[in-house]
Amino acid sequence: MSSVPTLTLNSGHRIPQLGFGVFKVDPGRTERIVSDALEIGYRHIDTAAIYGNEDGVGRAIAASGIPRDELFITTKLWNDDQGTDSAFRAMDTSLEKLGLDYVDLYLIHWPTPARDLYIDSWLALEELQSEGRTRSIGVSNFLVTHLQRVLDEGSIMPAVDQIELHPAFQQHNVAEFARSQGIQIEAWAPLGQGKYDLFGEQAVTDAADAHGKTPAQAVIRWHLQTGNIVFPKSDHKARMAENFDVFDFELSDDEVAAISALERSARVGSDPAA
Ligand code: NAD
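A short tour of the structure in this document, coming up. (Residues numbered from 1 in each chain as written. Predicted model: local features only at pLDDT ≥ 70, side-chain atom pairs only at ≥ 80, totals over all residues. Heavy atoms only, no water.)

1. Considering the packing of aromatic side chains
All chains considered together, the criterion is met by 6 aromatic pairs. Ring plane angle 70 degrees and centroid distance 6.3 Å describe the contact between Trp-110 and Trp-188, whose orientation is recorded as edge-to-face. Of this pair, Trp-110 sits in the loop between β6 (103–108) and α4 (118–130) while Trp-188 is found in strand β9 (residues 184–188), placing the two residues 78 residues apart along the sequence. Each member of the pair Trp-110 and Trp-188 is classed as buried. (Phe/Tyr/Trp six-rings, centres within 6.5 Å; stacked < 30°, edge-to-face > 60°. Helix = DSSP H or I, 4+ residues; strand = E, 2+ residues; numbered from the N terminus. Buried < 20%, exposed > 50% of the residue type's maximum accessible area, 1.4 Å probe, protein only.)

Right, dumping it as structure tokens:
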């Protein structure tokens, strides 16, 4: 959609800065929910093999009739499939489920450093990109030490690092290092997964009230204005539409700073170092 800004990845491809994520979207309801998202105007969908709903995403894409080149589809290599041959097979399976010839972005979902297979996996992703089965490749949940190894041992730069990032957990060290290398940051759990009262924080409600918007919209604006790529998830069409309706206002620098000050190392997901 023309109202959604795009960012240029280091692969040269463009990514809509706002998308729709389908973590924990019930596989049986995924086609309906993704169809709703596409109807609202979302063109960027973030799924993963482990979510078990790639086929529902694929059916919604096929039913939409939207030209492939207007969509941006991301999926992810699951931990059990890390390695060379297993990564190739996993890509085949994901493409088949999605009903696509290529994805726009393929990510290593977690580094799982104890297994020490993420470099082999990365080299397989480089090959998948050169074969055109994915336009861009990237990583997820990689800390600086994992990124550094990919930079040292790979020959293609990750296009993105998709990390947990919301006002209470901003991972400045990872985000700053990634950006210094030209790697875009994708923020997962952008709304904190509803696990703490982000929407009750005064900085958030003040910003929302000042613009006649909801707390969720204020937080999504904070992400967009701080340069993050986001794909908030909701099962409810009204909330999906609310989360997409964020391009008619702008937070002031002070409002952005007040929300940024909510940092308190409050992780809601798993620790990638484990
Ligand atoms: P999120 O922060 O987007 O939170 C989703 C929850 O927020 C919803 O279930 C709902 O309870 C609430 N919500 C959404 N819109 C709302 C609104 N307008 N008002 C009030 N409440 C609202 O969390 P998420 O789904 O974990 O993250 C977004 C996406 O990031 C996922 O769907 C997935 O695509 C991706 N993700 C990736 C990883 C990874 O390891 N790479 C991990 C988790 C999520």
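From this point, the narrative continues.
2. Topic: the packing of helix α1 (residues 27–40) against helix α2 (residues 54–64)
For the pair α1 and α2, interaxial distance at closest approach is 8 Å and the crossing angle is 45 degrees. Of the possible angle classes, the one that applies to α1 and α2 is oblique. Between α1 and α2 the crossing geometry is right-handed. Residues Thr-30, Glu-31, Val-34, Ser-35 and Leu-38 of α1 lie in contact with α2, whose contacting residues are Gly-56, Val-57, Arg-59, Ala-60, Ile-61 and Ser-64. Class assignment for the residues of the contact of α1 with α2 results in 5 nonpolar, 4 polar and 2 charged. (Axes fitted to C-alpha atoms, helices over the stretch in contact; angles between N-to-C directions. Parallel < 35°, antiparallel > 145°, perpendicular 65-115°, else oblique. Left-handed = near helix turned anticlockwise from the far one by under 90°. Contact = heavy atoms within 4.5 Å. Nonpolar A, V, L, I, M, F, W, Y, C, P; charged D, E, K, R; others polar.)

3. Some remarks on the pattern of salt bridges
Counting across every chain of the model gives 16 salt bridges. A salt bridge links Arg-29 to Asp-235, with the shortest nitrogen-to-oxygen separation between them at 3.5 Å. Of this pair, Arg-29 sits in helix α1 while Asp-235 sits in the loop between β10 (229–230) and α9 (237–244); the two residues are 206 residues apart in sequence, bridging distant segments of the chain. Given the relative accessible area of 41%, Arg-29 is considered partly exposed. With a closest N to O distance of 2.9 Å, Arg-149 and Glu-153 form a salt bridge. In this pair, Arg-149 and Glu-153 both sit in helix α5 (residues 144–153), 4 residues apart, roughly one turn of the helix. With relative accessibility at 26%, the residue Arg-149 sits in the partly exposed group. Salt bridges linked by common partners bring Arg-32, Asp-36, Glu-39 and Lys-237 together as one network. (Salt bridge = Lys/Arg side-chain N within 4 Å of Asp/Glu carboxyl O.)

4. Some thoughts on unusual backbone geometry
The phi angle at Thr-112 is positive, at roughly 35 degrees, despite the residue not being glycine. Inspection of the secondary structure puts Thr-112 in the loop between β6 and α4. For Thr-112, a relative accessible area of 16% gives the class buried.

5. Description of the sheet that holds strand β7 (residues 134–140)
Taken together, 8 strands build an open sheet; the order of strands is β3-β4-β5-β6-β7-β8-β9-β10 and the sheet is parallel. Of all strands in the sheet, those with a lone pairing partner are β3 (20–21) and β10, marking the two edges. Packing against the sheet, α4 makes contact with β5 (72–77), β6 and β7, and its axis sits at approximately 165 degrees to β7. (Pairing = 2+ DSSP bridges.)

6. Re the layout of surface pockets
Estimated volume of the largest pocket: approximately 880 Å³. Phe-23, Ala-189, Pro-190, Gln-193 and Lys-233 are the residues nearest the centre of the largest pocket, which is lined by 38 residues in total. Put simply, the parts of the chain that give the lining of the largest pocket at least two residues each are α8 (215–225) and α9. Sort the elements by how many residues they give to the lining of the largest pocket and α9 lands first, with 3 residues. Here the residues of the lining of the largest pocket sort into 18 nonpolar, 11 polar and 9 charged. The volume enclosed by the second largest pocket comes to roughly 170 Å³. When contributions to the lining of the second largest pocket are tallied by element, the ones reaching two or more residues are β2 (14–16) and β7. For the lining of the second largest pocket, the class distribution of residues is 4 nonpolar, 3 polar and 6 charged. (1 Å grid on protein atoms, 1.4 Å probe; cavity = no way out; pocket = protein on both sides within 12 Å on 5 of 7 lines; lining within 4 Å. Points joined across faces, edges and corners; volume = space filled by probe spheres on them.)

7. Points about the site of the ligand
Near the ligand, the surroundings consist of 25 residues, among which Asp-46, Ser-140, Leu-191, Gln-193 and Asn-243 are the closest. Within the contact set of the ligand, an oxygen atom lies 3.3 Å away from a backbone nitrogen or oxygen of Val-22. Between Pro-190 and the ligand, the recorded distance is 3.2 Å, taken from a backbone N or O atom to an oxygen atom. Taken by itself the ligand offers 830 Å² of open surface, and the protein chains cover 88% of this. Spatially, the ligand is embedded in the largest pocket. Per element, the largest residue contribution to the shell around the ligand is 3 residues, and it comes from α9. (Near = heavy atom within 4 Å. Polar contact = N/O pair within 3.5 Å; in protein donor to acceptor, adjacent residues only side chain to side chain. Areas by Shrake-Rupley, 256 points an atom, 1.4 Å probe, with all protein chains shown as cover. Sits in = over half its atoms within 2 Å of the grid points.)

8. Observations concerning α4
Counted at 1.5 Å a residue, the expected span for α4 with its 13 residues is 18 Å, and the 18 Å between its end C-alpha atoms agrees. Summarising the contacts, the buried residues of α4 are in contact with β5, α3 (84–98), β6, β7 and α5. After α4 finishes, the residue Gly-132 shows a positive phi value of roughly 85 degrees. (Expected span 1.5 Å × (residues − 1).)

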